[in-house]
Each structure stands twice: as structure tokens, then as C-alpha cells.
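So you can see what is in the structure, the chains are spelled out below.
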Amino acid sequence: MRCSREAGVDGLVLAGPRGPEEVERVAAADLSAVPLIGPSAADAGRLEAAAGHMTYRGLAARTGERLDLAEARRAVAALAATAGKPFLAGFGIRDEHEIRALAPHAAGLVVGSRLLELLGAAEPRDRLDTLRANVRRWKDATRLRERKREDGCGST
């Protein structure tokens, strides 16, 4: 961890913390510890308490699994109402529609497996353009838009 700090790393996402002690060990190295907390983690509260400034909440059991969007939206909204710290949400987020549905409730969203699929399908010479185009679309989807009121009298 010392080498990470010396290289300018500010924090680490801990994909499989074995408990709050591991999170605390990272924090003791002067790194922000961001534990990945799965949807059924028994020690979620203890991991959140030990975390640095945020946590990473997995929405699916495994990365890349397709989400039930209605269920994921309910889960992220419930987390937003009860979480003691800001959180990133990920595992299964694949497109702008899902991003728009989840973004109002989380500090950030992680689109990992889908990005790797897109990059893997692109020709090597096109990968940077593929990366830029998708990140721009996904980032744009995080911007909360004004919604028209149903009565047509302005926006909410």
C-alpha cells in the first residue's frame, strides 16, 4: 500500500473486504478505503462505518449480470434513504436508460463489464473512440434533466 500512496493513489476499492479490519488497514496507510458491499452483505453496516468517505454498493450478485431495473431502482433509493455515507452503485449497469433511473439516488455509478464488452468488440484502432463516445453518453445520462409538469405549466 505504501507504493500505491507514493504513486499518487488516493484510495482503493476493496472488491472483497473480509471485514472492517481490512478496510481500517487501508485507511491506516493513508488511503481512502471504498469497500464493495454486496446486496446481501451481512456486515454492511460495519463495513460502511469503517469506510473512508464512501462505499461501493453492488446491485447484482456478480459483475455484468443484467439488472431488474425496477428492483435496482428501489434498492438504490432505499440505500440513499438509509446510507450513512455517499455511495457508488454498480454491477449490471449497461446503458443510459439504467443510468438515468439510478443516478438521482447515488453519488456515482460504475459501468464496468459493459465497457469491457464494448472495447473488446471494437477494432483496436477504434477503441479510444469507443471509450470516449460511451463515457460521454453515460456521463450525459447522469445529468438530471428538468421534467415538464403534467399540467404544462413549467417544470418541476
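The preceding data block contains the structure.
Q: Please explain the overall build of the chain as it appears in this structure.
A: Per the secondary structure count, the chain includes 7 helices and 5 strands. Tracing the chain from N to C terminus, the helices and strands come up as α-β-α-β-α-β-α-β-α-β-α-α. For the C-alpha atoms alone, the extent of the chain along its principal axes is close to 55 × 45 × 25 Å. Looking at the chain as a whole, 36% of its 156 residues qualify as buried. Accessible surface computed for the chain: about 9600 Å², of which carbon and sulfur atoms make up 51%. Across the chain, 25 positive and 22 negative side-chain charges occur, with their mean positions spaced 3 Å apart.

Q: Sorry if this is basic, but what is going on with the pattern of salt bridges here?
A: Note that side chains of opposite charge can pair when their charged atoms are close. In this structure the tally under the stated criterion is 11 salt bridges. Taking the shortest distance from any N to any O, the salt bridge between aspartate 10 and arginine 5 comes out at 3.7 Å. Residue class for aspartate 10 comes out exposed when judged on its relative accessible area of 58%. Taking the relative accessible area as the measure of exposure, arginine 5 reaches 32% and is therefore partly exposed. A salt bridge links glutamate 65 to arginine 62; the nearest nitrogen and oxygen atoms lie 3.5 Å apart. The network of salt bridges with common partners includes Arg5, Asp10 and Asp30.

Q: Please explain the nonpolar core as it appears in this structure.
A: Side chains that are nonpolar tend, in soluble globular proteins, to be buried together. Counting 26 residues, the largest nonpolar core has Leu59, Leu67, Val76, Ile93 and Leu102 as the members making the most contacts within it. Going through the elements one at a time, strand S2 (32-37), helix H4 (69-82), strand S4 (87-90), helix H5 (96-102), helix H6 (113-121) and helix H7 (127-142) are the ones with two or more residues in this core. A per-element tally of this core places H4 first, with 4 residues. Ignoring sequence-local partners within four residues, the contact set of leucine 59 consists of Pro39, Leu67, Ala72, Val76, Ala89, Gly90, Phe91, Ile93 and Leu102. If you look at the next biggest cluster of nonpolar residues, it comprises 9 residues, including Val26, Ile37, Ala44 and Leu47.

Q: Would you mind going over H4 with me for this structure?
A: Here H4 spans 20 Å end to end across 14 residues, near enough to the 20 Å set by a 1.5 Å rise per residue. When H4 is considered as a whole, its buried residues turn out to be Leu69, Ala72, Val76 and Leu79. Summarising the axial view, the buried residues of H4 lie within an arc of 90 degrees, below the 170-degree limit, and thus occupy one face. Exposed and facing more than 90 degrees away from the buried side of H4 are Arg74, Ala81 and Thr82. Each element contacted by the buried residues of H4 is listed here: strand S3 (55-58), S4 and H5. The N-cap of H4, judged by a side-chain oxygen 3.2 Å from the amide nitrogen of alanine 70 a few residues on, is aspartate 68.

Q: What is the right way to read the sheet that holds S2 from this model?
A: Sheet strands associate in pairs through backbone hydrogen bonding, adopting either a parallel or an antiparallel arrangement. The strand order across the open sheet built from 5 strands is S1-S2-S3-S4-S5, with neighbouring strands paired in parallel fashion. Both outer strands of the open sheet, strand S1 (11-14) and strand S5 (108-109), are each paired with one neighbouring strand and no more. Here 2 bridges tie S2 to S3, and the two strands are oriented parallel to one another. By the bridge assignment for S3, isoleucine 37 is matched with arginine 57. Across the sheet, helix H2 (residues 20-28) lies against S1 and S2, angled at about 155 degrees from S2, the strand it touches most.

Reading the values: rules and limits
Residues numbered from 1 in each chain as written. Predicted model: local features only at pLDDT ≥ 70, side-chain atom pairs only at ≥ 80, totals over all residues. Heavy atoms only, no water. Helix = DSSP H or I, 4+ residues; strand = E, 2+ residues; numbered from the N terminus. Buried < 20%, exposed > 50% of the residue type's maximum accessible area, 1.4 Å probe, protein only. Areas by Shrake-Rupley, 256 points an atom, 1.4 Å probe, with all protein chains shown as cover. Lys, Arg positive; Asp, Glu negative; His and termini not counted. Charge placed at Lys NZ, Arg CZ, Asp CG, Glu CD. Salt bridge = Lys/Arg side-chain N within 4 Å of Asp/Glu carboxyl O. Core = buried A, V, L, I, M, F, W, Y, C linked by side-chain atoms within 4.5 Å. Contact = heavy atoms within 4.5 Å. Expected span 1.5 Å × (residues − 1). Arc of directions from axis to C-beta. Polar contact = N/O pair within 3.5 Å; in protein donor to acceptor, adjacent residues only side chain to side chain. Pairing = 2+ DSSP bridges. Axes fitted to C-alpha atoms, helices over the stretch in contact; angles between N-to-C directions.

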